[in-house]
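Residue-level listing of the chains:
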Amino acid sequence: SVFNLDWFQELYTDLVPNNNLYMELTDSKFEARPFGIYTYPGTAESRVPYPTVIFNNAGSYNANNTFTVPETGTYNFVVENNYIMNRAPQYATPTVITRIRVNGVEQAIDSFTTPFGINQYSYTANLTLNLIFTQGDVVEVTTRFTGSWGINYLDIDSKFKATVAPVTNSMSNLLKNDVKA
């Protein structure tokens, strides 16, 4: 490999410990899912819990169920939330509202109201957000039920993921200063 050649090591060894030029390049993609079926206790907007991490390449998805952008660049976030909603004909028709928020600001929304007369209804909210994000931006998914009767559920097959994300490591910062000039 070119990384082991003497001329290459002369260019790139200032910041590499023990002159070891092996660096694992990774992207910031992740996927997380609910742990079992999640029960929504009320109608307040709340962050959707996805505690089961399928993969988290840059370690940027955290226990708060948020993704902190590790590097400025274009990201594509996908949310697929499968809801089971209960309703009764004598009560209001329930609506589920799903949002992707960046730094607390709504960037994508899906809203669905169940048809009249159905006692239990399944619905999948599909949201996609493709933007240029700045390092440190916090991305989260929230859900709110309105006009709901009974308990509503988030199914285990739901997911929150980044399908496009920049590579987080770069060799350019390893060049010796005299080579950069």
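What you see as residue numbers is a count from 1 along each chain, following the sequence as written. Only residues with pLDDT of at least 70 get local features here, since the model is predicted, and only at 80 or more are side-chain atom pairs given and counted; chain-wide, interface and lining totals rely on the full set of residues. For side-chain calculations, the full set of non-hydrogen atoms in the structure is used, while hydrogens and water are omitted.

Our next topic: the confidence of the model for the protein chain. For the protein chain, mean pLDDT is 81; residues scoring 70 or higher make up 76% of the total. At the low end of the mean pLDDT range in the protein chain sits helix 2 (residues 177-180), at 49; at the high end sits strand 5 (residues 67-68), at 96. Low pLDDT (under 50) marks residues 19-23, which in the prediction has 11 contacts with non-local residues, meaning those over four places away or in another chain. The quantity known as pLDDT measures the predictor's confidence residue by residue, on a range of 0 to 100. Numbering of helices and strands runs from the N terminus, with a helix taken as a DSSP run of H or I at least four residues long and a strand as a DSSP run of E at least two residues long. Between two residues, a contact is recorded if the distance between any of their heavy atoms is within 4.5 Å.

All right, on to the environment of Asn152 then. For Asn152, the position within the fold is in strand 11 (residues 152-154). Residue classification places Asn152 among the buried positions, given a relative accessible area of 1%. For Asn152 and Arg87, which are 65 residues apart along the polypeptide, the C-alpha to C-alpha distance reads 9.2 Å. Those residues in contact with Asn152 that sit more than four places away from it in its chain are Tyr38, Thr39, Tyr40, Ile84, Met85, Asn86 and Phe145. The buried label applies to any residue whose accessible area, calculated with a 1.4 Å probe on protein chains only, is under 20% of its type's maximum; exposed applies above 50%, and partly exposed to all values in between.

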